[in-house]
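Listed below, chain by chain, are the residues.
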Amino acid sequence: MGITFESISKVEELFNAKNWEIINDSSLFSSTFNRFCARLAMFDEEKQDLLIELGYRFTDLNLNDFQPCFVDAIKKIENLDEYKSIIVAPLKSPNTKSVKSCDGIWYHLKNYSDFSYETFGKKLYFSSDWEKNTKVLDEKKGILLILIDDFIGTGETVVGALDDLFSEGIIKTEHKIKVLTFMAQREGVEVVHKKYPKIVTHSISLDKGLTDNYKGDNLANNKKLMTEMEQKLKVHSDYEFGYGRSESLVAVSRRSANNTFPVFWLEKKTKLAPFKR
């Protein structure tokens, strides 16, 4: 298909608006700008325009966003001042041995963030020691446990992790618990709250990239364009319109969640994607 100078100019405008770095040296495959242009070049102009339009609604958090998102989300918790201590732990099943994104953000917040005394005093503790955490929650009153992750998509992962933590007796119904995430799809939060009411607090609320932003014939046409792009990329049925058909437009440090439209992250041999997994 190729890409015109006009389309490249539109991508430059997008990147400037989003404060994304533009490195247009054609020899650099690591350049997100080059990767975005390469992905556009696979499709016709109408599809290119749709991807650029969706790009304006794309949220890509970086390390500098972690602390403000955390503070924003935690301050939305009702009666926060009533808790004597706040334990922060990564949100994942106790049987999960592999390193997850929640471990990375937990480690970064614990070691590289400066939570001023004025914000939390001395009552914020980061601990991934579940035996110790459970003992504190059992023996002391006025303790809040916050389980953190970067993103809620379908909500299935959150529900699964909470189910496992409860079934193992690590957390209990009498404990005060909140799930804190930087970004959350509205539908995913609703799924979690059906089983665990009002447990989620988050900084950024996200809608569906197509369904919640277009109507009527415009929506139908854009879905058709997206389907054609996914067919060209041979997207697996599990990830059509993003995992769980989430229609997400999110990445963390340039790495997409699988809930994001695959056109932004799926790579095939020499077909580069701007926000790969």
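Given the structure is predicted, the values throughout are model-derived calculations rather than measurements.

Here is what the cut-offs are and how they apply
Each chain has its residues counted from 1, running along the sequence as written. Whole-chain, interface and lining totals are the exception, using all residues; otherwise, since this is a predicted model, local features are given only for residues with pLDDT of at least 70 and side-chain atom pairs are given and counted only at 80 or more. Excluding hydrogens and water, the side-chain figures rest on all heavy atoms present in the structure. Residues belong to a common nonpolar core when they are buried Ala, Val, Leu, Ile, Met, Phe, Trp, Tyr or Cys residues joined through side-chain atoms within 4.5 Å. Any residue under 20% of the maximum accessible area for its type is buried, any over 50% is exposed, and the rest in between are partly exposed; the area is computed with a 1.4 Å probe on protein chains only. The helix and strand labels rest on DSSP assignments: H or I over at least four residues marks a helix, E over at least two residues marks a strand, and numbering proceeds from the N terminus. The contact rule is simple, with two residues in contact once any of their heavy atoms fall within 4.5 Å. In this analysis, rings of Phe, Tyr and Trp, with Trp reduced to its six-membered ring, are considered paired at centre separations within 6.5 Å, and the interplanar angle assigns stacked below 30 degrees, edge-to-face beyond 60, and tilted for intermediate values. Here, a charge over a ring means that NZ of Lys or CZ of Arg falls within 6 Å of the ring centre while also lying within 35 degrees of the ring normal. Any two strands between which DSSP finds at least two bridges are classified as paired. Fitting a line to C-alpha atoms yields each axis, with helices limited to the stretch in contact; the angle taken between N-to-C directions then spans 0 to 180 degrees.

Trainee: Can you walk me through the nonpolar core in this structure?
Mentor: Across soluble globular proteins, nonpolar side chains show a tendency to be buried alongside one another. In this structure, Phe36, Leu210, Met226, Val263 and Phe264 are the most contacted members of the largest nonpolar core, which totals 32 residues. The set of elements that each furnish at least two residues to this core consists of α1 (5-18), α2 (32-40), α3 (45-55) and α10 (216-233). Take this core: its biggest share by element is 5 residues, from α10. With near-sequence residues (within four places) excluded, valine 263 lies in contact with Arg39, Phe43, Leu51, Met226, Met229, Leu233 and Pro274.

Trainee: Can you help me understand the packing of aromatic side chains in this one?
Mentor: Two aromatic rings are characterised by how far apart their centres lie and by the angle between their planes. For the coordinates displayed, the defined rule picks out 19 aromatic pairs. A ring pair is formed by phenylalanine 15 and phenylalanine 33, whose centres lie 5.4 Å apart and whose planes are at 85 degrees; its orientation type is edge-to-face. Taken together, the residues phenylalanine 15 in helix α1 and phenylalanine 33 in helix α2 connect sequence positions 18 residues apart. Taken individually, phenylalanine 15 and phenylalanine 33 each receive the classification buried, so the pair is uniform in this respect. When the ring of phenylalanine 70 is compared with that of phenylalanine 126, the centres are 6.3 Å apart and the planes differ by 35 degrees; the resulting orientation is tilted. Residue phenylalanine 70 is located in helix α4 (residues 63-74), and its partner phenylalanine 126 is located in strand β3 (residues 124-126); the two are separated by 56 residues in the primary sequence. Like phenylalanine 126, phenylalanine 70 is buried. An aromatic cluster is built from Phe15, Trp20, Phe33, Phe36, Phe58, Phe264 and Phe275, whose rings are joined through pairwise contacts. Positioned above the aromatic ring of phenylalanine 241, the side-chain terminus of arginine 245 is 4.5 Å from the ring centre. The ring of tryptophan 265 has arginine 277 sitting right over it, with the charged end atom 5.9 Å from the ring centre.

Trainee: Got a minute to help me understand the sheet that holds strand β2 (residues 85-90) in this structure?
Mentor: Sheets are built from strands paired through backbone hydrogen bonds, the pairs being either parallel or antiparallel. What the 5 strands build is an open sheet, ordered β3-β2-β4-β5-β6; its pairing is parallel. Looking at which strands have only one partner, the edges of the open sheet turn out to be β3 and β6 (200-206). Put simply, the sheet's adjacent strands are angled 20 degrees from each other on average, direction ignored. Pairing of strand β5 (residues 176-185) with β6, which is carried by 6 bridges, proceeds in the parallel orientation. Bridge pairing in β6 places threonine 181 opposite histidine 202.

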